[in-house]
Amino acid sequence: MLNKNFPFKTSDEHCGKVIDEYKDITVIDCENCGYKHVFPIPEQHDLDKFYEKEFRHVDSNYFKRLEEDLEWLLMTYERYYDLFEQQCQGNSKKLLEIGSGSGHFLKCGKDRNWDVMGFEPSNISYDYSKTLDVNVIHGNFDLEKAKEYGKYDVIFMRNVIEHISNPIAMLKDVKTLLNSNGLLFIVSPNDYNPLQDILKKKLGFDSFWIAKEHINYFNFESMKNLLKKLDLIVIKTSATFPMEFFLLSGQDYVSNPVLGRKCHDMRKKFETSLDETDLLDSFYKFSADQDIGRHFIIIARNK
């Protein structure tokens, strides 16, 4: 329940209505920022300590799941690179991935003759990515280090922006690294979406999408508005599979992680079956038009 005595939270930089309180986490719809985020924003030194503990090391099942998912992941990555090559203007093919994880996305690009580079803070993921012979800098995104490699035609950010204490400042930095007409590709959880609203109001779910490691809770609208303010032109929206469909049909993967993996496998089967058809892209375009999908995908062009 929300604390009705304190419907608004304010600080020197943030002001907004409290929209959620979940497991001691307060989320506001910030009028200053134009998107939802936790309140208060954690101090950077606290974030550094948290990520040092939580994300410098990955869980023991990470690489097992990666191996199980790899064929499906590579299929997805190939679709992304097809899109880049359709949208990029000119012959240059240079890509930066912020949060490059295992390195398979970079390897996919390298195999397609892209000049790729990434930043990855996790020790284990960084070490693994080096076995793929891709160019990765160990650490958080660093503007000055990124500048040493020049400008980029594509900057790829997947499951990153929700972790950043000041995403506006970061996106401004990222924009300076893009070539004229370069592409910014963002994938992030689509939170407070219409299906989640139905799950709460009609089926009694709590705000299960709130995670202690997430600071920001974007959706299609708030991210598109932010990119517009930064003078970036949204040229395409898409989505990932609306995992909430399973919850709406009685498959409660939130309370049953084993069932969650089975639902994920069904999603993979769905996408693999529709691969290389127009139906898959059409389905996810329709999902984006309805503001649904577990993650939003937004591609914006630099002027």
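Basis of the calculations
Residues numbered from 1 in each chain as written. Predicted model: local features only at pLDDT ≥ 70, side-chain atom pairs only at ≥ 80, totals over all residues. Heavy atoms only, no water. Buried < 20%, exposed > 50% of the residue type's maximum accessible area, 1.4 Å probe, protein only. Helix = DSSP H or I, 4+ residues; strand = E, 2+ residues; numbered from the N terminus. Arc of directions from axis to C-beta. Pairing = 2+ DSSP bridges. Axes fitted to C-alpha atoms, helices over the stretch in contact; angles between N-to-C directions. Contact = heavy atoms within 4.5 Å. Phe/Tyr/Trp six-rings, centres within 6.5 Å; stacked < 30°, edge-to-face > 60°. Salt bridge = Lys/Arg side-chain N within 4 Å of Asp/Glu carboxyl O. Patch = residues over 30% accessible without salt bridge, like charges linked within 9 Å, V, L, I, M, F, W, Y side chains within 5 Å. Areas by Shrake-Rupley, 256 points an atom, 1.4 Å probe, with all protein chains shown as cover.

(A) Helix H6 (residues 167-177), seen in detail. Those residues of H6 not exposed but buried are Pro167, Met170, Leu171, Val174 and Leu177. All buried residues of H6 fall inside an arc of 105 degrees around its axis, so they share one side.

(B) Focus on the sheet that holds strand S5 (residues 94-98). With mixed pairing, 7 strands are arranged side by side in an open sheet as S7-S6-S5-S8-S9-S12-S11. Strands at the two margins of the open sheet, each flanked by one partner only, are strand S7 (136-138) and strand S11 (232-239). Going across the sheet, the axis of each strand differs from the next one's by a mean of 15 degrees, ignoring polarity. In terms of strand pairing, strand S6 (residues 115-120) meets S7 through 3 bridges, oriented parallel. Bridged to Glu120 within S7 is His138. Along the sheet face, helix H4 (residues 123-130) touches S6 and S7 and points at about 150 degrees away from the line of S7. Against the sheet, H6 touches S5, strand S8 (152-158), strand S9 (178-189), S11 and strand S12 (295-302), its axis set at about 145 degrees to S9.

(C) Representation of the packing of aromatic side chains in the model. This model, assessed by the stated rule, comprises 27 aromatic pairs. With a centroid separation of 6.4 Å and an interplanar angle of 75 degrees, the aromatic rings of Phe84 and Phe156 are classed as edge-to-face. Of this pair, Phe84 sits in helix H2 (residues 62-87) while Phe156 sits in strand S8, placing them 72 residues apart in sequence. Both residues of the pair, Phe84 and Phe156, belong to the buried class. Taken together, a centroid distance of 6.2 Å and an interplanar angle of 80 degrees make the contact between Tyr192 and Tyr217 edge-to-face.

(D) View of unusual backbone geometry. In this chain, Phe39 is followed by Pro40 through a cis amide linkage whose omega measures -5 degrees. Structurally, Pro40 is set in the loop between strand S4 (35-38) and helix H1 (44-54). A positive phi angle is found at Lys23, which is not glycine, with a value near 50 degrees. Within the secondary structure, Lys23 sits in the loop between strand S2 (15-22) and strand S3 (25-30). Residue classification places Lys23 among the exposed residues on the basis of a relative accessible area of 64%. Not every positive phi belongs to a glycine, and Glu276 is a case in point at roughly 65 degrees.

(E) Spotlight on the pattern of salt bridges. As enumerated under the stated definition, the model contains 19 salt bridges in all. Among the salt bridges present, the one from Asp69 reaches Arg261, with a minimum N-O distance of 2.8 Å. Of this pair, Asp69 sits in helix H2 while Arg261 sits in helix H10 (residues 257-274), and the two are 192 residues apart along the sequence. Among the residues examined, Arg261 registers a relative accessible area of 22% and is labelled partly exposed. Of the charged contacts, one joins Glu97 and Arg158 as a salt bridge, the two residues approaching to 3.6 Å between their closest N and O atoms. Of this pair, Glu97 sits in strand S5 while Arg158 is found in strand S8, placing the two residues 61 residues apart along the sequence. One network of salt bridges, with partners in common, ties together Lys64, Glu68, Asp69, Arg261, Asp265 and Lys268.

(F) Layout of a nonpolar patch on the surface. Together, Ile198, Leu203, Phe245 and Leu248 line one region of the surface with nonpolar side chains, adding up to about 300 Å² of accessible area. The set of elements that each furnish at least two residues to the nonpolar patch consists of helix H7 (194-203) and helix H9 (244-248). Following the sequence through the fold, Ile198 ends up in helix H7. For Ile198, a relative accessible area of 34% puts it in the partly exposed group.

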